[in-house]
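These are the residues of each chain, in order.
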Amino acid sequence: MQKSIYLPLVAGFALCASGTSAQTPVLQVMTYDSFVSEWGPGPAIAAAFEQTCGCDLQFIGTGDGAALLARLQLEGPRTEADIVLGLDTNLIAAARETGLFAPHRVTADLDLPITWDDPEFLPFDWGYFAFVGNAGAEAPISLRALADSDIRIVIQDPRSSTPGLGLLMWVKTAYPDSAAELWADLADNIVTVTPGWSEAYGLFLEGEADAVLSYTTSPAYHLIAEEDDSKVAWAFDEGHYMQVEVAAKVAGTDQPELADQFLAFMVSDAFQSIIPETNWMYPAVVPEGGLPAGFETLITPATALLLSPEEAAAIRDVALDEWRNALSQ
Amino acid sequence: MAQRAVAIAPRWPGAAAAALVLVLTIGTLAAVGWRAAWQGGLTPADWAAVRFTVIQALVSAGLSVLLAIPVARALARRQFRGRAALITLMGAPFLLPVVVAVIGLLAVFGRAGMVNSALAWLGLPAISIFGFHGVVLAHVFFNVPLAIRLILQGWLSIPAERFRLAASLNAPVGRLLEWPMLRAVVPGVFLVIFLICLTSFAVALTLGGGPRATTVELAIYQALRFDFDLGRAALLACVQFGLCVVAAAIVWRMSLVDAMGAGLDRTVQRWDLRWPVLDYLMIGLVAVFLFTPLGMVVWRGVPGLALLPAEVWAAAGRSVIVAVASALLCTSMALALALRGGRMVAITGVLPLAASGLVVGTGAFLLVYPLINPARLALPVTVLVNAVLALPFALRAIGQAVAGVERDFARLGASLGLSRWGWVGIVVLPRIRRPLGFGAGLAAALSMGDLGVITLFAGEAQQTLPLAMYRLMGAYRMEAAAGAALVLLALSLAAFWICDQGGRGNADL
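Reading the values: rules and limits
- Residues numbered from 1 in each chain as written.
- Chains lettered and ligands numbered in written order.
- Predicted model: local features only at pLDDT ≥ 70, side-chain atom pairs only at ≥ 80, totals over all residues.
- Heavy atoms only, no water.
- Contact = heavy atoms within 4.5 Å.
- Salt bridge = Lys/Arg side-chain N within 4 Å of Asp/Glu carboxyl O.
- Polar contact = N/O pair within 3.5 Å; in protein donor to acceptor, adjacent residues only side chain to side chain.
- Nonpolar A, V, L, I, M, F, W, Y, C, P; charged D, E, K, R; others polar.
- Phe/Tyr/Trp six-rings, centres within 6.5 Å; stacked < 30°, edge-to-face > 60°.
- Helix = DSSP H or I, 4+ residues; strand = E, 2+ residues; numbered from the N terminus.
- Axes fitted to C-alpha atoms, helices over the stretch in contact; angles between N-to-C directions.
- Parallel < 35°, antiparallel > 145°, perpendicular 65-115°, else oblique.
- Disulfide = S-S within 2.5 Å.
- Buried < 20%, exposed > 50% of the residue type's maximum accessible area, 1.4 Å probe, protein only.
- Domains from an automatic or database assignment.
- Buried area = accessible area lost by both parts, 1.4 Å probe.
- Expected span 1.5 Å × (residues − 1).
- Bend = angle between axes of the 7 residues up to and from the residue.
- Pairing = 2+ DSSP bridges.
- Patch = residues over 30% accessible without salt bridge, like charges linked within 9 Å, V, L, I, M, F, W, Y side chains within 5 Å.
- Areas by Shrake-Rupley, 256 points an atom, 1.4 Å probe, with all protein chains shown as cover.
- 1 Å grid on protein atoms, 1.4 Å probe; cavity = no way out; pocket = protein on both sides within 12 Å on 5 of 7 lines; lining within 4 Å.
- Points joined across faces, edges and corners; volume = space filled by probe spheres on them.
- Core = buried A, V, L, I, M, F, W, Y, C linked by side-chain atoms within 4.5 Å.

## Description of the interface of chain A and chain B
Now for step 1: Counting residues at the interface gives 68 residues for chain A, matched by 66 residues for chain B.
Now for step 2: One salt bridge connects glutamate 206 of chain A with arginine 300 of chain B, and the closest N-O pair in it is separated by 2.1 Å.
Now for step 3: Our count for the contact surface shared by chain A and chain B stands at eight residue pairs in polar contact (both at pLDDT 80 or more).
Now for step 4: Per-class residue counts for the side of chain A that touches chain B are 28 nonpolar, 25 polar and 15 charged.

## A few points about the packing of aromatic side chains
Now for step 1: Enumeration according to the criterion identifies 30 aromatic pairs over all chains in this entry.
Now for step 2: Here phenylalanine 141 of chain B and phenylalanine 289 of chain B contribute two aromatic rings whose centre-to-centre distance is 5.9 Å and whose plane-to-plane angle is 85 degrees, an arrangement assigned as edge-to-face. Taken together, the residues phenylalanine 141 of chain B in helix H7 (residues 132–156) and phenylalanine 289 of chain B in helix H13 (residues 276–305) connect sequence positions 148 residues apart.
Now for step 3: In textbook terms, an aromatic cluster arises when at least three aromatic residues are bridged by ring pairs, as seen for Tyr32, Phe35, Phe49, Phe59, Phe124, Phe262, Phe265 and Phe271 of chain A.

## What to know about the packing of helix H4 (residues 65–75) of chain A against helix H5 (residues 89–97) of chain A
All names here are of chain A.
Now for step 1: Direction vectors running N to C along H4 and H5 enclose 5 degrees, while the axes themselves pass 10 Å from each other. As judged from the angle between their axes, H4 and H5 are roughly parallel. Contacts from Gly65, Ala66 and Leu69 of H4 reach H5 at Leu91, Ala94 and Ala95.
Now for step 2: Classifying every residue of the contact of H4 with H5 gives five nonpolar, one polar and no charged.

## Regarding the state of the cysteines
All names here are of chain A.
Now for step 1: Summed over the entire model, instances satisfying the criterion amount to one disulfide over all chains.
Now for step 2: Disulfide partner of cysteine 53: cysteine 55, at an S-S distance of 2.1 Å. An S-S torsion of about -85 degrees defines the bridge between cysteine 53 and cysteine 55 as left-handed. The residues cysteine 53 and cysteine 55 share a single accessibility class, namely buried.

## A closer look at the packing of helix H3 (residues 83–90) of chain B against H7 of chain B
Residue and element names in this part refer to chain B.
Now for step 1: Two elements in contact, H3 and H7, have axes whose closest approach is 9 Å; the angle formed by their N-to-C orientations is 130 degrees. By the angle between their directions, the pair H3 and H7 is classed as oblique. Together, Ile87, Thr88 and Met90 of H3 and Pro145, Ile148, Arg149 and Leu152 of H7 make up the contact between the two elements.
Now for step 2: A per-class count over the contact of H3 with H7 returns five nonpolar, one polar and one charged.

## Let's talk about the domain arrangement of chain A
All names here are of chain A.
Now for step 1: According to the domain assignment, chain A contains domain 1 (24–126 + 244–295) and domain 2 (127–242 + 297–327).
Now for step 2: In this complex, domain 1 contributes 22 residues to the contact, which on the side of domain 2 involves 27 residues.
Now for step 3: Between domain 1 and domain 2, the buried area comes to about 2,000 Å², and carbon and sulfur atoms account for 66% of it.
Now for step 4: Three residues stand out in domain 1 for area buried against domain 2, namely Asn90, Trp280 and Tyr282, and they jointly supply 31% of the buried area on that side.
Now for step 5: At the boundary of domain 1 with domain 2, the tally comes to one salt bridge.
Now for step 6: The partner of glutamate 310 in a salt bridge is arginine 96, and the shortest N-O contact between them spans 3.4 Å.

## A few points about helix H9 (residues 173–198) of chain B
All names here are of chain B.
Now for step 1: With 26 residues, H9 ought to run about 38 Å at 1.5 Å a step, and its terminal C-alpha atoms sit 35 Å apart, in line with that.
Now for step 2: At arginine 183, H9 shows its strongest bend, of approximately 30 degrees, with the proline proline 187 following within four residues.
Now for step 3: Buried residues dominate H9, accounting for 19 of its 26 residues.

## Describing the pairing of strand S6 (residues 153–156) of chain A
Residues and elements named next belong to chain A.
Now for step 1: What you see with S6 is no split at all: Ile153 and Ile155 on one side and Val154 and Gln156 on the other are buried throughout.
Now for step 2: Both S6 and strand S7 (residues 190–194) contribute to a ladder of four bridges, which runs parallel. When the bridges of S7 are listed, isoleucine 153 appears paired with isoleucine 190.
Now for step 3: Strand direction decides the pairing type here: S6 and strand S8 (residues 211–215), joined by two bridges, are parallel. Across the sheet, the residue bridging to isoleucine 153 is alanine 211, located in S8.

## A few points about a nonpolar patch on the surface
All names here are of chain B.
Now for step 1: A cluster of nonpolar side chains, contributed by Ile55, Leu58, Val59, Leu63, Leu66 and Phe132, occupies part of the molecular surface with about 510 Å² of accessible area.
Now for step 2: By residue number, the principal contributor to the nonpolar patch is helix H2 (residues 44–77), which donates five residues.
Now for step 3: Tracing the backbone shows valine 59 in helix H2.

## Points about the domain arrangement of chain B
Residues and elements named next belong to chain B.
Now for step 1: Along its sequence, chain B is carved into domain 1 (1–35 + 306–509) and domain 2 (40–299).
Now for step 2: A straight line from the C-alpha centre of domain 1 to that of domain 2 covers 20 Å.
Now for step 3: Contact with domain 1, which involves 50 residues of that partner, is made by 52 residues of domain 2.
Now for step 4: Counting each side, the surface lost to burial between domain 1 and domain 2 is near 4,400 Å², with a carbon and sulfur contribution of 74%.

## Quick word on empty space enclosed by the protein
If you roll a probe as big as a water molecule over the atoms, it shows you where there is empty space left.
Now for step 1: Inspection of every chain in the model, using the stated rule, returns ten cavities of 30 Å³ or more.
Now for step 2: Of the voids in this model, the second largest cavity is the one considered here, and its volume is about 110 Å³.
Now for step 3: For the lining of the second largest cavity, the secondary-structure elements that each account for two or more residues are helix H9 (197–205) of chain A together with helix H5 (98–109) and helix H10 (202–208) of chain B.
Now for step 4: Tallying contributions element by element places H5 of chain B first for the lining of the second largest cavity, with five residues.
Now for step 5: In terms of residue class, the lining of the second largest cavity is built from eight nonpolar, three polar and one charged.

## Some remarks on the nonpolar core
Within soluble globular proteins, side chains that are nonpolar generally end up buried alongside one another.
Now for step 1: In this structure, Leu87, Phe101, Phe131, Ile155, Trp170 and Trp183 of chain A are the most contacted members of the largest nonpolar core, which totals 266 residues.
Now for step 2: In terms of residue count, helix H17 (residues 378–416) of chain B provides more of this core than any other element does, 19 residues in total.
Now for step 3: Among the nonpolar cores identified, the runner-up in size contains 30 residues, and Phe35, Leu57, Leu85 and Phe271 of chain A belong to it.

## Regarding the pattern of salt bridges
All names here are of chain B.
Now for step 1: Counted according to the given criterion, the structure contains 20 salt bridges over all chains.
Now for step 2: The closest approach of N and O atoms between arginine 232 and aspartate 46, which form a salt bridge, is 2.7 Å. With arginine 232 in helix H12 (residues 230–254) and aspartate 46 in helix H2, this pair connects stretches of sequence that are 186 residues apart. Take arginine 232 and aspartate 46: they sit in the same class, and that class is buried.

Structure follows, in structure tokens:
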């Protein structure tokens, strides 16, 4: 019996004793899970960077953006990560508070609809939140119109998902004084609230809802990868809240030069041209060849909404209470 | 727990297993609490979550058990072609990853599902699966199979001699044999399912329809991920453990110990089999309820199979290794604990059910991190944590069998002067092959579908099948993800079936 307790452990240890040679320097980038996956930008970006850096680029993938920050907080100053990539503006304040990040010293001409001058956090892509529905179906023109309609939507929980938190901020920014009323009116439109983006998007594709909270760029996936033009994002009069995804250098890194080199690489064409068709977001700097064919069909909101990291952190708890109370009636 | 006449089995393996369970449940919780910056207690919203969690768990567990009793009875009384396959397949919902099962349920009960299509065709108004009833429906779907299996084992453990005696005396089988067995078995089954539903997270949230359906586990997730409030997470985890202890204490007060004497392992023959139609009706209804959503998972998965990239098959291989290792570890621990016996062991056997997977993962991370890069330990930790999380199920199955063997044969063994290991090898093991195989199958299948621990630890190279499936979904590739879900379903069932068959041997189930 001792054997059977002992053997699997040995087998397990043997399995994961990975052999990395200590000769080439290693740059560790901690990021969210879907970035690392075979279908995300990770593999292509690692290959492109390794061509020039003479290093080994390793990703540490962990959950979503929020999980990423939690992981970093768990590890604290002793973290082995050199770069953290994939936080969004709603998480920046908490990330800054950890004091784990160093200024980035990259100057780049960013193609964002807003000005960006954060000393530590550098954007690598961005997008607008939007409700994605089926082409040809009834499409509301505003959050208010959606709340007044009978359209059935599925959203993500702001307590466990970054898009969910984005919608919370969207409503609060568009209706600073009457967010609670808007949520109360939206309550009967909401089929359900899912823990993450994948579940919600899956429910929408299964036909459980007329629309799902996602991004204006989501239809581009269906158009480009599946040649399916049946999905559209709804343009709303109040403007669309943005998600800006950022990366930063860990202050305690043992590879400071490589980390700087990576951040500079991050806003270069080689990195940015990979983003649109793997992460399905807008690149922070439009590459020389422009955006892939198909992106021109996407809606471009007239008004971009975004709170500063500090404002977002300040109103989060109030907004969350309003949301919870309105939807718990 | 039966008081044993003589202590004859070796005791230290049980102590070691109990220690491991305590480290991974209470120890990880302590690690999280230790790192916490304590600030304030639980909010009213947290208490609302506790209330919702307990109510849905009570209703779900109650309904699961009520539904399972007549089905288990019917399965125990009737012999028919395909019965063994049916019993194996019935385990499937319990073994499925939540995301997969929810998709299957929606294909049947969702807005565009079969039920609503039929209702629309009949001109009746549509039903919605989202809300409290949806949560309960999903939990019953998940847990009825487990309840049926565990209660069925209770029925099969009644010795044939008693039915023979009852028949020759023309005595009522139900009151004399079946009712005492149910009194002994059902409270434990209820407890297990209550605790499973207590720590539910994705089911409750996805089908619950909004923040009304917030469970404690979701509050823990929020505290850990968004607020990084380790103190609140630890407090909430303590509440979960508290609920577990209260529930366990109540259940043990209600349980009865069987004390009627041993049998000689003959095949059960029944003389009280009236009303076959009712039995088959029950079996048929439950089979339709369980298999239609599964059929939909298969139906939707087939087109996706062709889209699966090579990486997914490598991940599947990794998952199989994790499952086998976890099954071995889990059954070894369960056997060790069962042989040791006693109330303390019974408590360590249910503790993992009340443990929050997130707290265990986070605590393990905190314990491991100072020593070694967590990514290197992704697979071993997944094996270890899953073995411990599956332990209560294996122990439920094995513990009762071992207690029975001890009750019936311990004096004989002692009088023959068997050595401690000889007692285990010659007397116990051959008699508990069936529950041992069942326990191993459960552990293998459950760790095959694990998506909790691995997400916290996995680096680039340790992707398992559920993680690959989730990554496919995250990359918009829902159809390929459905294919991966089908592979996962097939592998989980195969692992369960192989262990279960191996354990069953030529026993006449």
